[in-house]
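# Chains, contacts and geometry: an overview
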Amino acid sequence: SESLVVCDVDEDLVKKLRAFRFRKETNNAAIVMKIDKDKQLVILDEEHEVGFLLLSLSPGTFVVYSYKYQHDDGRVSYPLCFIFSSPVGCRPEQQMMYAGSKNKLVQTVELTKVFEIRNTEDLTEEWLREKLGFFR
């Protein structure tokens, strides 16, 4: 039986994500990552400084999103959200590699706000605000 492949996280990407956590800018920004199957690494795909509407998510990618969150009581925070969409219609071992690599990425970068989105069309600001509402 094939053993489960869990991809490591590219070292430069880990550094970039740690720096991203402590960024001083107050705008929304995203780091999009994907799996390089040949190298068995989670690597940087692209970086954006974006308003929410421009954030698109392809199935099988991971996004760390720094979001300017306006609370109902007027406070503003900048949660680091990890959003992922499992690859659709691929072989079970690919899905398992994706899931295991996602867990490793979350642990490596110590992310706490982890959200899965089934249908990437559903990725809206309302969706994220609703998810963040569970964290007070």
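Presented here is an overview of the structure given in this document.

How each quantity is defined
Residues numbered from 1 in each chain as written. Predicted model: local features only at pLDDT ≥ 70, side-chain atom pairs only at ≥ 80, totals over all residues. Heavy atoms only, no water. Helix = DSSP H or I, 4+ residues; strand = E, 2+ residues; numbered from the N terminus. Buried < 20%, exposed > 50% of the residue type's maximum accessible area, 1.4 Å probe, protein only. Contact = heavy atoms within 4.5 Å. Areas by Shrake-Rupley, 256 points an atom, 1.4 Å probe, with all protein chains shown as cover. Lys, Arg positive; Asp, Glu negative; His and termini not counted. Charge placed at Lys NZ, Arg CZ, Asp CG, Glu CD. Polar contact = N/O pair within 3.5 Å; in protein donor to acceptor, adjacent residues only side chain to side chain. Pairing = 2+ DSSP bridges. Axes fitted to C-alpha atoms, helices over the stretch in contact; angles between N-to-C directions. Right-handed = clockwise from strand over helix to strand, strands pointing away.

With that out of the way, let us pick up the overall build of the chain. On a plain count of helices and strands, the chain comes out with three helices and eight strands. Element order for the chain, N to C, with α for helix and β for strand: β-α-β-β-β-β-β-β-α-β-α. Each of the three principal axes of the chain carries a C-alpha extent, and together these read 55 × 30 × 25 Å. Counting the 136 residues in the chain, one finds 41% classified as buried. Considering only contacts within the chain whose residues lie at least 6 apart along the sequence, 61% involve residues at least 24 apart. When the accessible surface of the chain is summed, it comes to about 8,200 Å², and 48% of that surface belongs to carbon and sulfur atoms. Measuring between centres, the 19 positive side-chain charges of the chain sit 5 Å from its 22 negative side-chain charges.

The subject of this paragraph is the side chain of Ser101. Looking at the element boundaries, Ser101 is found in helix 2 (residues 92-109). On the accessibility criterion, Ser101 (0% relative accessible area) is buried. Looking at Ser101, its side chain comes within polar contact range of the main-chain nitrogen of Cys7, at 2.9 Å. Not counting residues up to four positions away in its chain, the partners in contact with Ser101 are Val5, Val6, Cys7, Ile35 and Val42.

Reading across from one edge, 1-3-2-4-7-8 is the order of the six strands in this open sheet, with mixed pairing throughout. This sheet does not close on itself; its edge strands, each paired only once, are strand 1 (8-9) and strand 8 (113-116). Where helix 2 meets the sheet, it contacts strand 1, strand 2 (29-36), strand 3 (41-49), strand 4 (62-66), strand 7 (80-84) and strand 8, and its direction lies at approximately 175° from that of strand 7. Lying on the sheet, helix 3 (residues 125-132) is in contact with strand 4, strand 7 and strand 8; it crosses strand 8 at an angle near 130°.

Bringing the pairing of strand 8 into the picture now. Pairing of strand 7 with strand 8, which is carried by four bridges, proceeds in the parallel orientation. Bridged to Cys81 within strand 8 is Lys113. One crossover worth recording links strand 7 to the parallel strand 8 by way of helix 2, and it is right-handed.

Read these as layout, nothing more, since geometry by itself doesn't imply function.
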